[in-house]
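Commentary on secondary and tertiary structure
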Amino acid sequence: MRIPCPYCGERDAHEFSYLGDATPARPDPAAPDAQDRFFDYVYLRDNPAGAHQEWWYHAYGCRQWVQVERNTLTHAVAGARLARDARDAAGDAAGNVPGDAS
Amino acid sequence: MAEHWSHPLDTLPFDTVPPAGHYGVADMTGVAARRIEGLSIATLAPARGAEAAITETMRQALAMELPGASRAVFAGARTLIGTAPGRWLALSSLDRDIAGTLRAALGPLAAITDQSDAFIALDLAGPKVADTLAKGALIDLDPRVFLPGMAATTVLAHIGITLWRREEATWRLLVARSFEAALLRFLVSSAAEYGFELDARG
Amino acid sequence: MSRLAKGGLIDRARSLAFTFDGRSYGGHAGDTLASALLANDVRLVGRSFKYHRPRGIVSAGAEEPNALVELRAGARREPNTRATVAELFDGLDAQSQNRWPSLDLDLLSVNQLLSPFLGAGFYYKTFMWPAAFWEKVYEPIIRRAAGLGRMAEAADPDHYEKASTFCDVLVIGAGPAGLMAALAAGRAGARVILADEDFLTGGRLNAETREIDGKPAAEWAARVTAELASLPNVRLMTRTTVFGVYDSGTYGALERVADHLPVPPPFQPRQRLWRIHARRAVLAAGATERPVVFGGNDRPGVMLAGAVRTYVNRFAVAPGRRVAVFATNDDAWRGALDIKAAGIEVAAIIDVRRAVAASLVQQAKAEGIRTLLDGRVTATHGKLLTAIDIVADGRPERIAVDTLAVSGGWSPNVHLTCHHGGKPAWNGAIAAFVPGTVPPLLAVAGAASGAFTLGSALTDGAAQGAEAAEALGFPVPLPDVPAVAEESVAIAPFWHVADSRGPAFVDLQNDVTAKDISIAHKEGFRSVEHLKRYTTLGMATDQGRTSNVTGLAIMASLTGASIPETGTTIFRPPYTPVSLGALGGHHRGKDFRAVRLTPTHEWAKARGAVFIETGAWLRAQYFPRPGETDWLESVNREVKAVRASVGLIDVSTFGKIDLQGPDVGTLLDRVYINTFSTLAIGKARYGVMLREDGLVMDDGTTARLAPEHYVMTTTTANAAKVYQHLEFCLQVLWPDLDVAIASVSEQWAQIALAGPRARDVLARVVDAGVDVSHEGLPFMGAMEGSVLGGVKARLFRLSFSGELGFEIAVPARHGAELAQALMNAGETFGITPYGIEALGVMRIEKGHVSGNELSGQTTARDLGFGRMASTKKDYIGRVMAGRPGLVDPQRPAFVGFKPVDPSQRLRAGAHFLKIGAAASLENDEGYMTSVAHSPHLGHWIGLGLLQRGPERIGERVRAYDPVRGGDIEVEICAPGFIDPEGERLRG
Ligand SMILES: [Zn+2]
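Residues numbered from 1 in each chain as written. Chains lettered and ligands numbered in written order. Predicted model: local features only at pLDDT ≥ 70, side-chain atom pairs only at ≥ 80, totals over all residues. Heavy atoms only, no water.

Our next topic: the overall build of chain A. Within chain A, the regular secondary structure consists of two helices and six strands. Ordered by position from N to C terminus, the α and β elements of chain A give β-β-β-α-β-β-β-α. A buried classification covers 42% of the 102 residues belonging to chain A. For chain A, long-range pairs separated by at least 24 residues make up 46% of all intrachain contacts whose partners lie at least 6 apart in sequence. As displayed, chain A offers around 5,000 Å² of accessible surface, 48% of which is attributable to carbon and sulfur atoms. (Helix = DSSP H or I, 4+ residues; strand = E, 2+ residues; numbered from the N terminus. Buried < 20%, exposed > 50% of the residue type's maximum accessible area, 1.4 Å probe, protein only. Contact = heavy atoms within 4.5 Å. Areas by Shrake-Rupley, 256 points an atom, 1.4 Å probe, with all protein chains shown as cover.)

This is how it looks when you write it as structure tokens:
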């Protein structure tokens, strides 16, 4: 499979390592139900047949985390963008910044 | 049927950097590789929001243009390679300490890390460089596509490299020091059919 | 000799000598082994897989089910090679296989008598019980009786390589359609690769006697090939099989660089595995002829009609002297005419159809060939074919022939179209499966798409090649399609002569008969996929090229369903077998994966080090001295030397990461369980980081060199993983943090110096003004300085061994120099280089956790780091580490162990049980993670995870190791066998 890295151009999937679903955001660790939310964040995944937003790390290239839209049925890649750009586009500043958990 | 030739890797110890010499087909040098000594190398990463200031300072203080993509920019003895968004490799064959030079010029604008010992630099020349690299790389290195000034951080025989084409027939490659023997073994093996010259002097 | 006096595309001026089963024969350049054998009247070439029936050559291509031979001898012996595609070379040594003691007299053909027991499903029925019999009894018997060829017993002396290439248009197959496609795209300027498995381009044009533009078609093929070869943007790859279609326009191809030569030319690989990246592809793979199934259809002399035609036209070989043709279609009639035109007697054409185009019948009659319509072959005779029984128009007859050319029609080579899950579709008009859904950006042209006439192949090829190039933006002039006469391709679907006598083979390679299919049907198998597995139909190395469709059709007739209702036939990569050598390429033996060498590797080698692979790294395991006979002896000496005086070890393999920026402290606080933002400049701290699931990911020390500059160390194993994790934190979780990280693992060589004399040695290598006294560099201190007269260095006072210890980092090129300087400086103290075995012993003596404890299943609390975790901040893994299951006080926790009887050996992996408790899963209380023989204590010691371990110090438990027969009592102790108060390392 080839992945279009936004910086390096099209590269073989061998250059990347795969993490998985790119949609869950790190929950607020100070939330009263933080443990349940983290459980979902760490373990619960949809397994869609079709379009899937996922994280790929370009380990042998620019070392950027790339959000790739891949069709899980065909492996067709519809697009890819750098993590930072993806977050900006989502209007979500970042994962939750840890609060005072004491 | 008797063996009439033996493969160079069959007699080279696997954990030794192959010695200088001619490998493979005699009377032909399809690829010549030369280890470049005395390069000073550093990585350069701008502090948050300092990219514009760095671009300007590099231009004025060092007369260098920061490449906006995976490209190599040459200015005298210095080279800048784009390796990631907001990340460059700076190399110099004259400055003994390019990291120091950059730090002096950029101050707190950037994180500078000396990497002079992290890499072995190899110059590759000859008509069969692209064919040889194609035996380990998974990117299009066709000389009609990978033009002088283009650069790539990628893999060669499962080993991470940064590669750029300097001129029509010369390429330079950086490989992590610990992989030097493994990478040269790959080159010896892959270029043997074209004739491979390692570290020719003069 | 059966070589025809004239014709063929062989080079009669070049004679080649070869042997088959030890006998010498001659052939010509341009022959395959099969054509050369036929030219020498060798018609018996192998024994069948299961019943050891005599078999001859059936085909002239990759579909060959019978003529599997061993090529070459000794280390280069290669079994199961199809003689029909093996290019003849001078000195070729070929052997038949599956026979004992000889091909002519095969004693194992008694299997034929057992055939009632070896029928469909015999594997399942016969060898069901007991399971243990499989390995020892059944398998060896089956392998001997029904094996394939023999592997070489020595390592393959040849080299293989892999390569990748990129193109705009990949054309697969260089027959008429492929040549036209490549020409259209190539002339347009696209980067084109034209690949063909044959050594000669032209495909069917070389096997038939057609004309293109009024000239022999083979000449046209040669002319087009020459033009393609002259175009700089076209790469011709003959002897190259495209065997698989993968994602994103990636194709696997095998180039047989030197298979047609006795040994590879100097410095050439035997084979080269290509990864071809194509923006578009045109599949022009042609079609494969199918046999008709009838009793005795496996007798040597029964061949595919197209193969007979190929041997006659391309190789100038007469496969027999008197030929009958058994046909279901018009194409076989043209074959019969070709055979006759070459001067071979054609006794009859037996066609299953009642009516055949009058022109064909007239032509045959004009050539004096009997035409028997509404006919079928019902039996065959002879060890090698001597006669056939037929019924035509209701009248039985015996005809003496030595060759029967059979054609059941042609199946498009749809294989590659199935590699993305595509299913072929049934086309009743040509009685064949044609491509259904095809992989993206691949088009099918010519016979592979079901366009069987030559004219349509040329037109279709040109159109597909032009379309592919045009889609990529290359202006394509309309290619001229050469003129050819139109031929008829009528066919009647006909699969099986049901009233024939003798075993009727569907799958010749796996010996599956029509009866096996009916047995499977009677036993309730309906799905084609089940049928295949039950009977093994189509599961041999030929992947059922000549049998799948027929098997399906027979199944359909049994169930009364249509062929498309019954199922389809799909194919997976590889199209033809690919050798493991080619898949490995350069990466075999010690080059299996790239090995990493430490900066002191040559230095250590010169000192006689024994090395061990740790991940990709090669590290010194120990440094034996003359007279030492056992590794433990060397390791004990090294440990004692360090504890008594001083030793050194290269620890450059640890991951080292520079972190710079105003937010480094914040980042570290979020990735470590403990706090780093408050770390004083010039100090280092041990840290533990968790995964988000709350389990420990890695540990190491991180030092603060400047207000906004830290350097982190990771374990050797996790260096890349931790770097990737930090990038995830910075790019995905908290992109607002202003931190730049850089791996400096390769930049710095790092040497650990340990032992009571460590400071004395270090003091001799640092430059003037670098204060390494207790005050200048206190425990957990870090500083930048210089050594060896101007070499910049990072100095840390750390200890893994429990002794006074330092780690000195210098730019990597100076690593060996530093090691030698330390050796010189320490000579008076008897300084000893030590390896990772001694390092491991010392860390166990000291009670430090390492890889065995950082197993990915342990929490910080399990490992005794519970109190290190900050409660004043959030960090990765904090929330999940609080899950009830991870804070359960019953969880096994980290403690030390020593044998109650000090003479007994401990074993890592032993499980703990209460004394007297039965060895059952419910009674399992944990396990031993690490053990070592402590030269300091004179007995074995261990570390492990035990339920409530820290509360049970002094108790005894049973260490039970059923795998190695260990079952001893051990005493629980604190995990620190040496200097528990840490006086040595603070001294
Ligand atoms: Zn990239």
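Here the focus is the coordination of the zinc ion. Those donors, C5 of chain A (SG), C8 of chain A (SG), H58 of chain A (ND1) and C62 of chain A (SG), are the protein atoms that reach the zinc ion, and they lie 2.0 to 2.4 Å from it. Because the angles between the four donor atoms bound to the zinc ion fall within 105 to 117 degrees, the donor set is best described as tetrahedral. (Donors = N, O, S within 2.8 Å, 3.2 Å for Na, K, Ca; no water. Tetrahedral: all angles 85-135°; square planar, octahedral: opposite > 155°, others 65-115°.)

With 34 residues of chain C at the contact, the number on the chain A side is 35 residues. The tally of links between chain C and chain A comes to three salt bridges. Of the charged contacts in the structure, one is a salt bridge between R26 of chain A and E692 of chain C, with a shortest N-O distance of 2.5 Å. Put simply, chain C and chain A have 13 residue pairs in polar contact (both at pLDDT 80 or more) between them. Going through the elements one at a time, β15 (271-283), α18 (719-733) and α22 (878-881) of chain C are the ones with two or more residues in the side of chain C that touches chain A. (Salt bridge = Lys/Arg side-chain N within 4 Å of Asp/Glu carboxyl O. Polar contact = N/O pair within 3.5 Å; in protein donor to acceptor, adjacent residues only side chain to side chain.)

All right, on to the packing of helix α4 (residues 176-187) of chain C against helix α5 (residues 217-230) of chain C then. All names here are of chain C. For the pair α4 and α5, the least separation of the axes is 10 Å and the interaxial angle reads 30 degrees. In terms of orientation, α4 and α5 fall into the roughly parallel class. By crossing handedness, the relation of α4 to α5 is classed as left-handed. Contact residues: α4 offers P176, L179, M180, A182, L183 and R187, while α5 offers W220, A221, V224, T225, E227 and L228. Across the contact of α4 with α5, the residue classes tally to nine nonpolar, one polar and two charged. (Axes fitted to C-alpha atoms, helices over the stretch in contact; angles between N-to-C directions. Parallel < 35°, antiparallel > 145°, perpendicular 65-115°, else oblique. Left-handed = near helix turned anticlockwise from the far one by under 90°. Nonpolar A, V, L, I, M, F, W, Y, C, P; charged D, E, K, R; others polar.)

All names here are of chain C. Counting residues in each nonpolar core, the largest one holds 59 residues, and the members touching the most others are F20, L33, I57, Y311 and V325. The greatest single-element share of this core, amounting to six residues, is contributed by helix α1 (residues 33-39). Setting aside chain neighbours within four positions, we find F20 in contact with Y25, L37, V42, L44, V45, V69, A94, Q95, S96 and L103. Counting residues in hydrophobic clusters, the runner-up holds 37 residues, among them A182, L183, A185 and A469. (Core = buried A, V, L, I, M, F, W, Y, C linked by side-chain atoms within 4.5 Å.)

So, on to empty space enclosed by the protein. All names here are of chain C. Under the defined criterion, the tally for this structure stands at 14 cavities of 30 Å³ or more. Those elements that place two or more of their residues in the lining of the largest cavity are α15 (601-606), β33 (617-622) and β34 (647-650). Along the lines of polarity and charge, the residues of the lining of the largest cavity split into 12 nonpolar, three polar and two charged. (1 Å grid on protein atoms, 1.4 Å probe; cavity = no way out; pocket = protein on both sides within 12 Å on 5 of 7 lines; lining within 4 Å. Points joined across faces, edges and corners; volume = space filled by probe spheres on them.)

What follows concerns unusual backbone geometry. Peptide bonds are trans in most cases, and residues, glycine excluded, mostly fall at negative phi. All names here are of chain C. P573 connects to P574 through a cis peptide bond whose omega is 0 degrees. In this structure, P574 sits in the loop between α13 (563-566) and α14 (580-584). Of note in the backbone geometry, H52 takes a positive phi value of approximately 55 degrees without being a glycine. Judged by its relative accessible area of 2%, H52 is buried.

Right, let's talk about the side chain of R72 of chain C for a bit. Residues and elements named next belong to chain C. One can find R72 in the loop between β5 (68-71) and β6 (78-82). For the buried R72, which has no salt bridge, the nearest side chain bearing the opposite charge is E78, at an N-O separation of 4.2 Å. A distance of 3.1 Å separates the side chain of R72 from the backbone oxygen of D259, its partner in a polar contact. A polar atom in the side chain of R72 sits 2.6 Å from the backbone oxygen of L261. Sequence-distant contacts of R72, that is, excluding residues within four places in its chain, are made with R77, E78, F89, D93, A258, D259, L261, P262 and R270. (Lys, Arg positive; Asp, Glu negative; His and termini not counted.)

This brings us to the environment of W88 of chain B. Residues and elements named next belong to chain B. Checked against the element boundaries, W88 lands in strand β6 (residues 87-92). Taking the C-alpha atoms as reference, W88 lies 5.7 Å from T43; in sequence the two are 45 residues apart. Excluding residues within four positions of it along the chain, W88 makes contact with A42, T43, L44, P46, E51, L66, P67, L80, I81, G82 and T83.

So, on to the pattern of salt bridges. All names here are of chain C. For the structure on display, the rule yields 80 salt bridges over all chains. The shortest N-O distance in the salt bridge between D511 and R55 comes to 2.8 Å. With D511 in the loop between β29 (505-507) and β30 (512-513) and R55 in strand β4 (residues 54-55), the pair connects residues that are 456 residues apart, well separated along the chain. Residue classification places D511 among the buried positions, given a relative accessible area of 0%. Given a relative accessible area of 1%, R55 falls into the buried group. A salt bridge links E255 to R272; its shortest N-O distance comes to 3.1 Å. In this pair, E255 sits in strand β14 (residues 250-255) while R272 sits in strand β15, placing the two residues 17 residues apart along the sequence. Accessibility expressed as a relative area gives 9% for R272, which makes it buried.

What follows is about the domain arrangement of chain B. All names here are of chain B. Along its sequence, chain B is organised into domain 1 (22-36 + 118-198) and domain 2 (40-114). Opposite the 11 residues of domain 1 that make contact, domain 2 presents 10 residues. For the pair domain 1 and domain 2, the summed buried surface comes to about 860 Å²; carbon and sulfur atoms form 71% of the total. A per-residue breakdown of the area domain 1 buries against domain 2 is headed by G149, A151 and W164, which together make up 45% of the total. If you look at where domain 1 meets domain 2, you find zero salt bridges. No other element matches the four residues that strand β10 (residues 159-167) contributes to the side of domain 1 that touches domain 2. In terms of residue class, the side of domain 1 that touches domain 2 is built from six nonpolar, three polar and two charged. (Domains from an automatic or database assignment. Buried area = accessible area lost by both parts, 1.4 Å probe.)

This brings us to the sheet that holds strand β32 (residues 610-614) of chain C. The strands making up a sheet associate through hydrogen bonds between their backbones, and the pairing can be parallel or antiparallel. Residue and element names in this part refer to chain C. Read across the open sheet, the three strands follow the order β31-β33-β32; overall the sheet is mixed. Of all the strands in the sheet, just β31 (596-597) and β32 have a single pairing partner and so form its edges. Pairing of β31 with β33, which is carried by two bridges, proceeds in the parallel orientation. Counterpart to L597 in the pairing with β33 is L618. (Pairing = 2+ DSSP bridges.)

Right, let's talk about the confidence of the model for chain A for a bit. Reading fine detail from the predicted coordinates is not recommended where pLDDT is low. Averaged over chain A, the pLDDT score is 88; the fraction of residues at 70 or greater is 84%. Contacts from residues 97-102 of chain A, a stretch scored under 50 in pLDDT, to residues over four places away or in other chains number 17 contacts. (pLDDT = per-residue confidence, 0-100.)

Moving on to helix α9 (residues 454-471) of chain C. Counting along an α-helix, one turn takes 3.6 residues, and residues three or four places apart therefore face a common direction. For α9 of chain C, spanning 18 residues, the distance from its first C-alpha to its last is 26 Å, which sits close to the expected 26 Å at 1.5 Å a residue. The first or second residue beyond α9 of chain C is G473 of chain C, which carries a positive phi of 95 degrees. (Expected span 1.5 Å × (residues − 1).)

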